[in-house]
Amino acid sequence: MTMEYKDKLKQEGYTRYRGAVDASVYEYFNCDCSWKAQWYLKKGHYRCCGCKERCETRDPEGFQLFLDLG
């Protein structure tokens, strides 16, 4: 049995990115199916498993930043 890509990402320590992603990110990747995007994050590395392209980037531009208020 093959493991789904998002399950593999979770095993590698990635967590689901639930922040807003700007349209410029999808334009950069020339994405035709941004509505299917599911981004995961690990130490500033973003990966998408919304389609077979499996886009990835380390550039945080276009990803909503979160403040650590702890």
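Each value, and the rule that gives it
- Residues numbered from 1 in each chain as written.
- Predicted model: local features only at pLDDT ≥ 70, side-chain atom pairs only at ≥ 80, totals over all residues.
- Heavy atoms only, no water.
- Pairing = 2+ DSSP bridges.
- Helix = DSSP H or I, 4+ residues; strand = E, 2+ residues; numbered from the N terminus.
- Buried < 20%, exposed > 50% of the residue type's maximum accessible area, 1.4 Å probe, protein only.
- 1 Å grid on protein atoms, 1.4 Å probe; cavity = no way out; pocket = protein on both sides within 12 Å on 5 of 7 lines; lining within 4 Å.
- Points joined across faces, edges and corners; volume = space filled by probe spheres on them.
- Nonpolar A, V, L, I, M, F, W, Y, C, P; charged D, E, K, R; others polar.
- Patch = residues over 30% accessible without salt bridge, like charges linked within 9 Å, V, L, I, M, F, W, Y side chains within 5 Å.
- Areas by Shrake-Rupley, 256 points an atom, 1.4 Å probe, with all protein chains shown as cover.
- Salt bridge = Lys/Arg side-chain N within 4 Å of Asp/Glu carboxyl O.
- Lys, Arg positive; Asp, Glu negative; His and termini not counted.
- Charge placed at Lys NZ, Arg CZ, Asp CG, Glu CD.
- Phe/Tyr/Trp six-rings, centres within 6.5 Å; stacked < 30°, edge-to-face > 60°.
- Lys NZ or Arg CZ within 6 Å of the ring centre and 35° of its normal.

(A) Expanded view of the sheet that holds strand β2 (residues 39-42). Strand order in this open sheet of four strands is β1-β2-β3-β4, and the pairing throughout is antiparallel. Sheet topology places β1 (15-16) and β4 (56-57) at the edges, where each strand pairs with a single neighbour. Here strand β3 (residues 45-48) pairs with β4 via two bridges, running antiparallel. Paired with tyrosine 46 across the bridge in β4 is threonine 57.

(B) Representation of the pairing of β3. The alternating pattern of β3 places His45 and Arg47 and Tyr46 and Cys48 on opposite faces, both of which are buried. Where β2 and β3 come together, four bridges link them in antiparallel fashion. Residue tyrosine 40 lies in a different strand from β3, and its bridge partner there is arginine 47. The hairpin turn running from β2 into β3, its antiparallel successor, is two residues long, and lysine 43 in that turn takes a positive phi close to 50°.

(C) Summary view of empty space enclosed by the protein. Per the counting criterion, the structure on display carries one cavity of 30 Å³ or more. Each pocket or cavity is described by its volume, and for the largest cavity that value is around 80 Å³. If you go around the largest cavity, the residues you meet are Tyr26, Phe29, Cys31, Cys33, Ala37, Trp39, Cys48, Gly50, Cys51, Arg54 and Cys55. For the lining of the largest cavity, a count of residues per class yields nine nonpolar, one polar and one charged.

(D) Quick peek at a negative patch on the surface. A cluster of acidic residues, Asp22, Glu27, Asp59 and Glu61, forms a negative patch on the protein surface. With respect to the helices and strands, aspartate 59 occurs in the segment after β4.

(E) Molecular detail of the packing of aromatic side chains. Taken as a whole and assessed by the stated rule, the structure comprises seven aromatic pairs. Relative to tryptophan 39, the ring of phenylalanine 29 has its centre 6.2 Å away and its plane inclined at 40°; by these criteria the two rings are tilted. Here phenylalanine 29, found in the loop between α2 (23-28) and β2, pairs with tryptophan 39, found in strand β2; they are ten residues apart in sequence, far enough to count as distant. Classification of phenylalanine 29 by relative accessible area gives partly exposed; the value is 22%. A relative accessible area of 4% means that tryptophan 39 is categorised as buried. Here the aromatic residues Tyr17, Tyr26, Tyr28, Phe29, Trp39, Tyr46 and Phe63 are joined through ring pairs into a cluster of three or more. The positively charged end of arginine 54 is found above the aromatic ring belonging to tyrosine 5, 4.1 Å away from the centroid.

Geometric values such as these leave the question of function open.
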